[in-house]
Structures are given as C-alpha cells and as structure tokens.
Amino acid sequence: MTSSFLRKIARSPSAFIGLSLLILLLIIAIFAPWLAPYDPNWQHAAQRLLAPNAEHWLGTDNYGRDILSRLIYGTRPMLGLVGLVALITLPLGLLIGILSGYYGGWTERILMRVTDIVMSMPSLILAFAFVAMLGPGLLNGALALALTAWPAYARQSRSEIQHLRNSDYLAAAEMMGIKGIRLLWGHILPLCLPSAIVRLALNLAVIILAAAGLGFLGLGARPPMAEWGAMIAEGMPVIFDQWWVAAIPGTAILISSLAFNLLGDGLRDVLGDTHE
C-alpha cells in the first residue's frame, strides 16, 4: 500500500514537486545551524542594508543582519506554526463533523450552530482578535489561526457522513457488532480522512499567508526571532531603495505557499485513486 502510494506521488508532477519543496524546507529547518553562514541575530551597524554580494549572498537588513541566515532560520517558526495549526485544526474539525453527521438530532444542531457562528466571522480578523487577547507569540498565533480554520473540515466531514450513514457498508459493520467508538474510528474516519487531508494541504498555503500577516503586524513570533512576515515589515520603509530586504522573504513565502498548493492539488488525484 505504501509503495503503491509513493509510486502515484512520483507519477503526479504537482504532488512530486510540492512534496519535494516541502521536504527541502524541512531539511533547511532541521539543519539551519549548519546551513546559515552567520548568527541570524548578530547585528553589525557598519554593514546595514548591503546589497547582495560575495560575503552576504542575499544582502543585509536594517540592523546589518545577514538576510540569508535569517531566511534559513525563518523556516523554523513558519513550519512550526503550520504544524501546530494542522495538529489542532484537522482532529477538531473531523471530530465535530463526524459526531454531527453520524448521531444527528440535537448533537448535530448544537455542533453545527457553533460551527456556523465561527464561520460567519471573518477568519483573519478573528485570528487577530485572539492574538490581541492572548498576546503575541508563535503558540498563540497558531492557536488563533487553528480556532478559526476548523469549521470547514467539520462541515465537509459532516456532509460525507450524512451520505454514508445509511449505507450498506456501515450497516454491515453494525451487523458484525462494530458500534460506537470502534465504528467511528475504524470505519468512518478512514472514509473522511483523504478529502480532509487534501483540504488541509490546500488550506495550509492560506495559513502561511495568514501567519506572515500576523508577523507583519508584530503579532507573530517575538523578536529577535527570524520570521518571514516580520522581515517583510522591517524592509517596507526601504523597499524602493533596498528592495531585497522585503522581496526575498516575500519570495520565500510565495514558494512555501506554492509547495502546499501543488501538494494539495496532487494529493486530490492520488488519494482519490487510492480511495477508489
């Protein structure tokens, strides 16, 4: 099963390129101390706003810090935040959606009304409000984004379960004595998981942009930690003269978002074939 899945990934250009870029980002994040040529927080006032050169390949920022080093270290908070959002969003959304779709009745009404209330609010503004209340920080930013992203997974899984609730497949499982948690975990969850994973991969590109927005406004990772959104904010005052200070982290955000978009697009076909 695993080898067949990997072969399908390799045959899908979108999935292969997206997964390759994501693996590259993970390698950069893990080996950042060995890949970065300088300390990302080391300031040198005499070398501030240098253009890309042989010593600083991507130039320096307003404080004389090496942009390449900060870009490399910036993969860590970005991937950390994305991972935290995924770990919170997917299980919470699937749990609420599966319980609503399978049990119906008052369970469905209460859970879906809560879902509708969260979905009716602008997600990015709601995330900003959460961070403003909880305070800036990587963990608070991930929590804020996760608390606004789960309703889409809940509604999707609930819709799928409603179509499966009276199916012969579940009826046969119940006739064999499989009920309750065993039925939800072993039979219903695997049916909802492929489409939820595809949605997650596509949504993580949006999460990266939202996380960069939090960093741009000073609500993400706390300084002096290298974070791509904060790097763009630092480069905005000099964007017309020293454009690389803001353009380089912006390009990194673009590539990261593209990686998740390509991966999600490819997984849509790969998991669809596997599911069939």
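Residues numbered from 1 in each chain as written. Predicted model: local features only at pLDDT ≥ 70, side-chain atom pairs only at ≥ 80, totals over all residues. Heavy atoms only, no water.

You'll find the protein entered in an unreviewed UniProt entry as ABC transporter permease, with Proteus faecis given as the organism.

(A) Summary view of the packing of aromatic side chains. Scanning all chains against the criterion turns up three aromatic pairs. Both rings, one in Tyr102 and one in Tyr103, keep their centres 5.1 Å apart while their planes meet at 80°; by these two values the pair is edge-to-face. Residue class for Tyr102 comes out buried when judged on its relative accessible area of 16%. Sitting over the ring of Trp106, Arg109 keeps its end group 5.1 Å from the ring centre. (Phe/Tyr/Trp six-rings, centres within 6.5 Å; stacked < 30°, edge-to-face > 60°. Buried < 20%, exposed > 50% of the residue type's maximum accessible area, 1.4 Å probe, protein only. Lys NZ or Arg CZ within 6 Å of the ring centre and 35° of its normal.)

(B) Representation of the pattern of salt bridges in the model. In the structure shown here, the tally under the stated rule is six salt bridges. One salt bridge in this structure joins Asp61 and Arg65, with 2.9 Å as the shortest N-O distance. Side by side, Asp61 and Arg65 carry an identical accessibility label, which is buried. Of the charged contacts, one joins Asp116 and Arg155 as a salt bridge, the two residues approaching to 2.6 Å between their closest N and O atoms. One end of the pair, Asp116, is in helix α5 (residues 105-119); the other, Arg155, is in helix α8 (residues 151-164), and 39 residues separate them in sequence. The exposure class assigned to Asp116 is partly exposed, which follows from its relative accessible area of 28%. Look at Arg155 and you get partly exposed, because its relative accessible area is 31%. Each member of the salt-bridge network shares a partner with another, and the members are Asp61, Arg65, Arg70 and Glu234. (Salt bridge = Lys/Arg side-chain N within 4 Å of Asp/Glu carboxyl O. Helix = DSSP H or I, 4+ residues; strand = E, 2+ residues; numbered from the N terminus.)

(C) Representation of the packing of helix α4 (residues 67-103) against α8 within the structure. Running from N to C, α4 and α8 cross one another at 35°; their axes reach a closest spacing of 7 Å. Classified by chirality, the crossing of α8 by α4 is right-handed. Taking contact as the criterion, the partners of Thr89, Leu90, Gly93, Leu94, Ile96, Gly97, Ile98, Ser100, Gly101 and Tyr102 in α4 are, on α8, Tyr153, Ala154, Ser157, Arg158, Ile161 and Gln162. Per-class residue counts for the contact of α4 with α8 are eight nonpolar, seven polar and one charged. (Axes fitted to C-alpha atoms, helices over the stretch in contact; angles between N-to-C directions. Left-handed = near helix turned anticlockwise from the far one by under 90°. Contact = heavy atoms within 4.5 Å. Nonpolar A, V, L, I, M, F, W, Y, C, P; charged D, E, K, R; others polar.)

(D) Structural context of the nonpolar core. Membership of the largest hydrophobic core comes to 63 residues, with the highest contact counts inside it found for Leu145, Ile188 and Trp228. When residues of this core are assigned to their parent elements, the largest contribution, 17 residues, is made by helix α10 (residues 180-216). In this structure Leu145 touches Leu81, Val85, Ala127, Ile207, Ala210, Ala211 and Leu214, once residues within four positions along its chain are discounted. (Core = buried A, V, L, I, M, F, W, Y, C linked by side-chain atoms within 4.5 Å.)

(E) Layout of α4. The terminal C-alpha atoms of α4, which comprises 37 residues, lie 53 Å apart, in line with the 54 Å expected from a rise of 1.5 Å per residue. Positive backbone phi, approximately 60°, marks Gly104, located one or two places after α4. (Expected span 1.5 Å × (residues − 1).)

(F) Up close: a nonpolar patch on the surface. Residues Ile23, Leu26, Ile27, Ile30, Phe31, Trp34 and Leu35 make up a contiguous nonpolar surface patch of about 730 Å² in total accessible area. Where the nonpolar patch is concerned, the elements lending two or more residues are α2 (13-30) and α3 (32-35). On the basis of relative accessible area, Leu35 is assigned to the partly exposed category, the value being 44%. (Patch = residues over 30% accessible without salt bridge, like charges linked within 9 Å, V, L, I, M, F, W, Y side chains within 5 Å. Areas by Shrake-Rupley, 256 points an atom, 1.4 Å probe, with all protein chains shown as cover.)

(G) Molecular detail of the environment of Ala129. Topologically, Ala129 is positioned in helix α6 (residues 123-134). A relative accessible area of 35% places Ala129 in the partly exposed class. A C-alpha to C-alpha distance of 34 Å links Ala129 and Phe31, two positions 98 residues apart in sequence.

(H) Just the side chain of Glu108, in detail. You can see Glu108 is positioned in helix α5. One polar contact links Glu108 to Arg158, side chain to side chain, over a distance of 2.7 Å. Setting aside chain neighbours within four positions, we find Glu108 in contact with Ser100, Arg158 and Gln162. (Polar contact = N/O pair within 3.5 Å; in protein donor to acceptor, adjacent residues only side chain to side chain.)

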